[in-house]
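Structural overview
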Amino acid sequence: MKHKILLILFLFIPTLFFAQKRKHQPKKKTPIIMLAGVVSLREKFPDYIFANDSLMVTFLHEGSKMTCDSAKFNQKEQFFEAFGHVKVNMGDTVFMNSDYMNYSGKTRLSESRGNVMLKNKRMTLTTQKLMYDRNTSQAWYDDWGTVKDEDNTMVSKQGRYFANEYRAEFTQDVTVATNVNNKKGKGNYVVKSNHLNYYSKTKDVEVLGPTTITNNDNPEDTFYTERGMYNTSTMISTSTQKGKISYNGNHLVGDRLFYNQKIGYGNAEGNVVVTRPKDEMVMRGGQAEYYRSTVPGVAYDSVYVTKRAWVSKKQDNDSVYFHAKRITGVNHIDKTYTIVGYDKARMYHKDGQARADSLIYHDKSGILELYKDPVLWYGNSQITGDTILVYSKKQKIDSAVVKLNALALQKVDSITIKDFNQIKGRFMYATFRDKGNNIDFVHVEGNAQSLFYADENKKGQPTNRIGINRSDCAFINALIENKKLNEVSCMGGTKSILSPEDMMEEDEKYLKGFLWRDKERFVDKKAFLEFIRREEVYPTISPPTQPIKINQPTVVPAQEDEPKGRTDVGKEEETPLETEEVKPEPTP
């Protein structure tokens, strides 16, 4: 029994050994088959078979067929060179033509030269020299090539085509000409890059280096990115690195960009900056929506900025600044530009400031509109009302129109810091034309009231308080010089009283609605920018679905009916702006 077991083991071990040897034995490669009518041998090239057939020389290898005019074949090395009218058919899926080709059956690599054309169902590649690897179905060139599909043409100095993935990679001096809406052969958009991938199935361009996409119809309509995607059919671009949208000399940049050039819509997120060099204007924020006209010859566009949005507008050697929760900039067809600020809007300039729930600034005319609880500070003056229109000349505030509940206050350079010249009414027109940017003229209509301090100043003597003059009438005109009343005229139901200050109660020294809001002003530009930086950012508010159209402002006459008085009047000062608590607002 023991001998039988040994015999079985002896017989089994060799069988196992040879089975393992066959398992690891490499697969035998299919040899190249050459078909030719006439062949010849040459002493100088003993390893080669030469074929020169007036009809055709054919090579067959692993599902591929190659024909040519003449060839030489090294059967031992499984290598051949083909000359003249070289045509390759790889499984009826990939076709290649050239003037010359060499091919190795061992490595399955080919090199083609002269008028090379590689074609499959989706793309055609032409160049003067092309390498092709049948193992990976990849083709590449190093000295200029052109790839075309039904919509686009791509040219580059270097390129690689991945047949199985329907993808082409291009490097160095890449140009992609798209032809989406043009059937005459002229590209609609042009892509310039130094590195990108193109996917023929989806028409996607994957940007891997500095790239610019330009509208042929309007060369100033461009999209730049160093990392992103572009679809040549939809004309939609995205960027995740150094993206920039440009249109008519203006630019929108952000950490992340989306841009649909077909409909003229863009979106930016993160460190958003909008620059308008011709208007000397810059807008900043955390998110922006951009719209532009797609009508040829119509230069209309608008941008909507949120998340710490603010604008700087250069004026001579200084700038004026605007801030709001949401800011919209509109470039009108008549080439005027408007800034609209919604929710807690602010304007800052070294000479004056403004605050309101919303504002509109017209760049060309210099008109600033303030709505809902507005306040304007200029020099030592403060103006409030339901609506304020501010007019500028030579980039300085010149005058203001106040509609409903108008109240102007001006500090008096006199005995105490609590002294204010005051004038109010339903409608007000005031000018700021003295050297200190203070009020120098006021016209008031509708239940007009004024309260002015009458002081006497003699050279070398302290100020002598004569009294306080209070007037009530239908209309008031007041001329003010060096912050002191020079002349006042009262018309219609005039009632004017000059009283000694010590004979007046404290509350009689203030008109109804008096509220000095100086602590809401910013100390300087640094405080203004710090306020923006610390502003709490809320979830994104949905932007307008269409570009916003802003009408030019018009001055309307005062209303006939007496409006209801303000309900927020009082002598308590508001919480300073720098410590103001901001509450979340609902998303509409």
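Residues numbered from 1 in each chain as written. Predicted model: local features only at pLDDT ≥ 70, side-chain atom pairs only at ≥ 80, totals over all residues. Heavy atoms only, no water.

Moving on, we come to the overall build of the protein chain. Regarding its fold elements, the protein chain presents 2 helices and 38 strands. Counting every position in the protein chain, which comprises 588 residues, the buried fraction comes to 49%. Intrachain contacts of the protein chain at a sequence separation of at least 6 include 45% that bridge at least 24 residues. Of the roughly 31000 Å² of accessible surface on the protein chain, 53% is carried by carbon and sulfur atoms. (Helix = DSSP H or I, 4+ residues; strand = E, 2+ residues; numbered from the N terminus. Buried < 20%, exposed > 50% of the residue type's maximum accessible area, 1.4 Å probe, protein only. Contact = heavy atoms within 4.5 Å. Areas by Shrake-Rupley, 256 points an atom, 1.4 Å probe, with all protein chains shown as cover.)

Our focus in this paragraph is the pattern of salt bridges. Pairing between side chains becomes possible if they bear opposite charge and their charged atoms approach one another. By the definition in use, this model includes 27 salt bridges. Through salt bridges that share partners, Asp149, Glu150, Asp151 and Lys203 make up one connected network. (Salt bridge = Lys/Arg side-chain N within 4 Å of Asp/Glu carboxyl O.)

So, on to the state of the cysteines. Within the structure shown, the criterion is met by 1 disulfide. Each disulfide pairs two cysteine sulfurs, and for Cys473 the partner residue is Cys490, the sulfurs being separated by 2.1 Å. Looking down the S-S bond of the Cys473 and Cys490 bridge, the torsion is -70°, so its handedness is left-handed. Here Cys473 is found in strand E36 (residues 464-481), whereas its partner Cys490 is found in strand E37 (residues 484-491), with 17 residues between them in sequence. Under the relative-accessibility criterion, Cys490 is labelled partly exposed at 22%. (Disulfide = S-S within 2.5 Å.)

Quick look at the packing of aromatic side chains now. Within this structure, the stated rule accounts for 21 aromatic pairs. With a centroid separation of 6.1 Å and an interplanar angle of 15°, the aromatic rings of Phe223 and Tyr259 are classed as stacked. Taken as a pair, Phe223 in strand E17 (residues 222-225) and Tyr259 in strand E22 (residues 256-260) lie far apart in primary sequence, 36 residues in all. Pair check on accessibility: Phe223 and Tyr259 agree, each one buried. Summarising the aromatic geometry, the rings of Tyr510 and Phe514 are spaced 4.6 Å apart at their centres and angled 50° between planes, so their arrangement reads as tilted. Owing to a relative accessible area of 12%, Tyr510 belongs among the buried residues under this scheme. The ring of Tyr48 is capped by Lys72, whose NZ or CZ atom sits 5.1 Å from the centre of that ring. (Phe/Tyr/Trp six-rings, centres within 6.5 Å; stacked < 30°, edge-to-face > 60°. Lys NZ or Arg CZ within 6 Å of the ring centre and 35° of its normal.)

By themselves, these are just geometric observations and shouldn't be taken as functional.
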